[in-house]
Amino acid sequence: MSSRVQRFALPIVVLLVLLAVWSVWAKGGGGGATDFPTPGEVLSGYADQFRTPEGERAPIIVKHVVSSLFRTLSGFLLACMFGVPLGLAIGWYTRAFYALNPLIQMLRPISAIAWIPISIMIFRRDDTRSIFLIFVAAFFPIVVSTAAAVRSIPQVYIRAAQNFGLSGWRLFKKVVLPAALPQVVTAIRVSMGISWIVVVAAEMVAVQEGLGWLIIDARYQGARTDLIVGTMILIGMIGLGLDTVLRKLETLDQVKWGITRRD
Amino acid sequence: MRLRGVQKTFREPGKPPVEVLPGIDLDVAKGELICLLGPSGCGKSTLLNILGGFETADEGTVTIDGQPVRGPDPRRVFVFQEYGIFPWMTVWDNIAFGLGEKRFEEKLEIVGHYIELVGLRGFEKTFPQQLSGGMRQRVAVARALAVKPDIIFMDEPLGALDSLTRLKMRAELLRIWQEEKPTILLVTHDVDESVQLADRVVVFSARPGRILEVVEVGIDHPREFGSREYTEIKNRLYELLGVKHAL
Ligand SMILES: Nc1ncnc2c1ncn2[C@@H]1O[C@H](COP(=O)(O)OP(=O)(O)OP(=O)(O)O)[C@@H](O)[C@H]1O
Ligand SMILES: [Mg+2]
């Protein structure tokens, strides 16, 4: 088989095998787990979620996907807007690094989940609560990786630029920024993934809408495990979609040179 | 260019200080091609970095055209061992990098000239990653030449190339030097390279790098590899480096 065919065929084969195993296992009683849904039940669960109720314009699920996406993207974009410039500054100015690095390294290991009570105390609206949590989750990795990207720029690039008379802002714009860009893009992509993970967790506790809430809600609706598993699969697929979009950034000429990938 | 008593010692807390340059005196005339030859770790790169303005000497003075060196300067361009061309820029943009705010038409002409000179026509829009080592090296040389520097510092510019490419690049370097007539200071490990290229070869001892001798080559270009004079100078250099009887 050519590698192109393999690229499509192999994951499909894996998926089919997985479905078969799941199906057999669920029909045999789910290994003791009460009422684990079969693939067929999950599919018919989707029928419920994708139904458009009377008087509404879109299926129920759309509202939840939209609010999860809205929160994720808002928190993530805010984290980029503040995190990238801060990371660049910390990476470039040694004083800023000395001053802020210990604080950031201390805040970074605190899971976004640990911030949930604080977010509930500070913010009234569901959206702001989740956006805040996602911001916290994405901000620190972006700052840390961006700063590391700047600090690891080979000295030879900086010296070459200085040799041609560049300094200050022009040096930053023409050399520091482009030299750090590939690592920054990778950091952004990773943080997007983190954001999507965190939004679900946040919605399970702090809010009344979204994919995370949907999972909790399905549990209270008489343990609708078909809806729970269905929503999980949906979360995974949307996450994959988001990552695919951001991966496109890595194929730009300005970024590609710094991304080593084996395929 | 005039060096007087250039001294450099690296001091790191918790380690004994490393004396690298014990006090170097050297004069280089305009348009000369000088090779700096010496064992690994003797301080050649350190000296070149001081001359280029990237590091400062602890003692002694370096003056160029009567002016002390205070930092990097576009009139004196460095070609780094790792080339230092920018992987996020095309060949054209790399070569145009030092031309700053010149008009576009002017850049077009200058860059075109040097792309031609180093034989990279057709690769203007290529990114460095798609080039071979020798081609990258030529981009670095073209970028340096494009600003019409008085002096070019080269730190083992051909070190990473295979021996055949290296021979070709030496020939090109000579041709370019004869056409453009910059002063060139070139660091090398390679005895042949220095005999083929240099007007004078400055031979350093092991660290701390003292100047053992400045050997005049004085053979007209093109130089015959096997000629008597060539072999004599080569032997002299090997002798200075202490490896004559090892071969
Ligand atoms: N920044 C530094 N701090 C401490 N020691 C240094 C530093 N830079 C160089 N040295 C030491 O100074 C000595 C000379 O280094 P240098 O790079 O000038 O050698 P070189 O002659 O260029 O060697 P090579 O031919 O292998 O490139 C080495 O022993 C090195 O360990
Ligand atoms: Mg060196």
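Residues numbered from 1 in each chain as written. Chains lettered and ligands numbered in written order. Predicted model: local features only at pLDDT ≥ 70, side-chain atom pairs only at ≥ 80, totals over all residues. Heavy atoms only, no water.

Draft legend 1. Structural detail: the overall build of chain A. A tally of helices and strands in chain A yields 11 helices and 0 strands. Traced from its N-terminal end to its C-terminal end, chain A shows the element sequence α-α-α-α-α-α-α-α-α-α-α. On the principal axes, the C-alpha backbone points of chain A span a range of 70 × 60 × 40 Å. The burial tally for chain A puts 42% of its 263 residues in the buried class. The long-range fraction of contacts in chain A, counting pairs at least 24 apart against all pairs at least 6 apart in sequence, stands at 69%. (Helix = DSSP H or I, 4+ residues; strand = E, 2+ residues; numbered from the N terminus. Buried < 20%, exposed > 50% of the residue type's maximum accessible area, 1.4 Å probe, protein only. Contact = heavy atoms within 4.5 Å.)

Draft legend 2. Representation of the sheet that holds strand 5 (residues 67-68) of chain B in the model. Residue and element names in this part refer to chain B. Strand order in the open sheet made by the 4 strands is 2-1-4-5, with antiparallel pairing throughout. Of all strands in the sheet, those with a lone pairing partner are strand 2 (18-27) and strand 5, marking the two edges. Two strands pair when backbone bridges link them, and strand 1 (residues 2-10) and strand 2 are joined in this way by 7 bridges, in the antiparallel orientation. Within strand 2, the position partnered with Leu-3 by the bridge is Leu-26. Together, strand 1, strand 2 and strand 4 (59-64) form the strand contacts of helix 1 (residues 44-52), whose direction differs from that of strand 1 by roughly 120°. (Pairing = 2+ DSSP bridges. Axes fitted to C-alpha atoms, helices over the stretch in contact; angles between N-to-C directions.)

Draft legend 3. Quick peek at the pattern of salt bridges. Counted under the stated rule, the structure contains 29 salt bridges over all chains. Taken together, the shared-partner salt bridges connect Arg71(A), Arg125(A), Asp127(A) and Glu203(A) into one network. (Salt bridge = Lys/Arg side-chain N within 4 Å of Asp/Glu carboxyl O.)

Draft legend 4. Summary view of the packing of aromatic side chains. All told, the structure shown has 22 aromatic pairs over all chains when counted by the stated rule. Ring centres of Phe54(B) and Phe78(B) lie 5.3 Å apart, and the angle between their planes is 75°; on these two criteria the pair is classed as edge-to-face. Of the two residues, Phe54(B) is situated in the loop between helix 1 and strand 4 and Phe78(B) in strand 6 (residues 76-79); the sequence distance between them amounts to 24 residues. The class for Phe54(B) is buried, based on a relative accessible area of 13%. An aromatic cluster is defined as three or more aromatic residues linked by ring pairs; in this entry it consists of Tyr157(A), Phe164(A), Trp257(A), Phe86(B), Trp88(B) and Phe97(B). Arg143(B) extends its terminal NZ or CZ atom over the ring of Phe86(B), reaching a point 5.0 Å from the ring centre. (Phe/Tyr/Trp six-rings, centres within 6.5 Å; stacked < 30°, edge-to-face > 60°. Lys NZ or Arg CZ within 6 Å of the ring centre and 35° of its normal.)

Draft legend 5. Geometry of the pairing of strand 3 (residues 33-37) of chain B. Residue and element names in this part refer to chain B. Buried residues dominate strand 3, accounting for 5 of its 5 residues. Covered by surrounding structure in strand 3 are Leu-33, Cys-35 and Leu-37 together with Ile-34 and Leu-36, the residues of both alternating faces. As judged from the 5 bridges shared by strand 3 and strand 8 (residues 183-188), these two strands associate in the parallel manner. From the neighbouring strand, Ile-34 faces strand 8, where its bridge partner is Leu-185. Across 4 bridges, the pairing between strand 3 and strand 9 (residues 200-204) is parallel. Its bridge partner lying in strand 9, Ile-34 is registered against Arg-200.

Draft legend 6. Region of the structure containing the site of ligand 1. All names here are of chain B. The local shell around ligand 1 holds 13 residues, among which Ser-40, Lys-44, Ser-45, Thr-46 and Arg-207 are the closest. In the environment of ligand 1, an oxygen atom lies 2.7 Å from a nitrogen or oxygen atom belonging to the side chain of Lys-44. Within the side chain of His-189, one N or O atom sits 2.8 Å away from an oxygen atom of ligand 1. Expressed as a share of its isolated accessible area of 630 Å², the protein-covered part of ligand 1 is 66%. Split into classes, the residues belonging to the shell around ligand 1 amount to 3 nonpolar, 6 polar and 4 charged. (Near = heavy atom within 4 Å. Polar contact = N/O pair within 3.5 Å; in protein donor to acceptor, adjacent residues only side chain to side chain. Areas by Shrake-Rupley, 256 points an atom, 1.4 Å probe, with all protein chains shown as cover. Nonpolar A, V, L, I, M, F, W, Y, C, P; charged D, E, K, R; others polar.)

Draft legend 7. Geometry of helix 10 (residues 225-247) of chain A. All names here are of chain A. A rise of 1.5 Å per residue sets the reference length of helix 10, with its 23 residues, at 33 Å; its end C-alpha atoms lie 33 Å apart and thus fit the reference within 8%. Among the residues of helix 10, those classed as buried are Asp-226, Leu-227, Ile-228, Val-229, Gly-230, Thr-231, Leu-234, Ile-235, Ile-238, Gly-239, Leu-242 and Leu-246. Buried positions along helix 10 lie against helix 1 (3-27), helix 2 (39-49), helix 3 (60-92), helix 8 (168-205) and helix 9 (211-220). (Expected span 1.5 Å × (residues − 1).)

Draft legend 8. Region of interest: the confidence of the model for chain B. When pLDDT is averaged along chain B, the result is 91; 98% of the residues meet or exceed 70. Across the predicted assembly, pTM comes out at 0.87 and ipTM at 0.89. (pLDDT = per-residue confidence, 0-100.)

Draft legend 9. Region of the structure containing the interface of chain B and chain A. Across the contact, 25 residues belong to chain B and 19 residues belong to chain A. The largest per-residue losses of area from chain B upon contact with chain A belong to Phe54(B), Trp88(B) and Phe97(B), which jointly make up 35% of the total buried on that side. Inspection of the chain B/chain A interface yields 2 salt bridges. Arg170(A) serves as the salt-bridge partner of Glu101(B), at 3.3 Å between the closest nitrogen and oxygen. Secondary structure elements with two or more residues in the side of chain B that touches chain A: strand 6 and helix 4 (133-146) of chain B. Tallying contributions element by element places strand 6 of chain B first for the side of chain B that touches chain A, with 3 residues. Split into classes, the residues belonging to the side of chain B that touches chain A amount to 15 nonpolar, 4 polar and 6 charged. (Buried area = accessible area lost by both parts, 1.4 Å probe.)

Draft legend 10. How the structure looks around helix 4 of chain B. With 14 residues, helix 4 of chain B extends 20 Å between its outermost C-alpha atoms, agreeing within 8% with the 20 Å of an ideal straight helix rising 1.5 Å per residue. For helix 4 of chain B, the full list of buried residues reads Gly134(B), Met135(B), Gln137(B), Arg138(B), Val139(B), Ala140(B), Val141(B), Ala142(B), Arg143(B), Ala144(B), Leu145(B) and Ala146(B).

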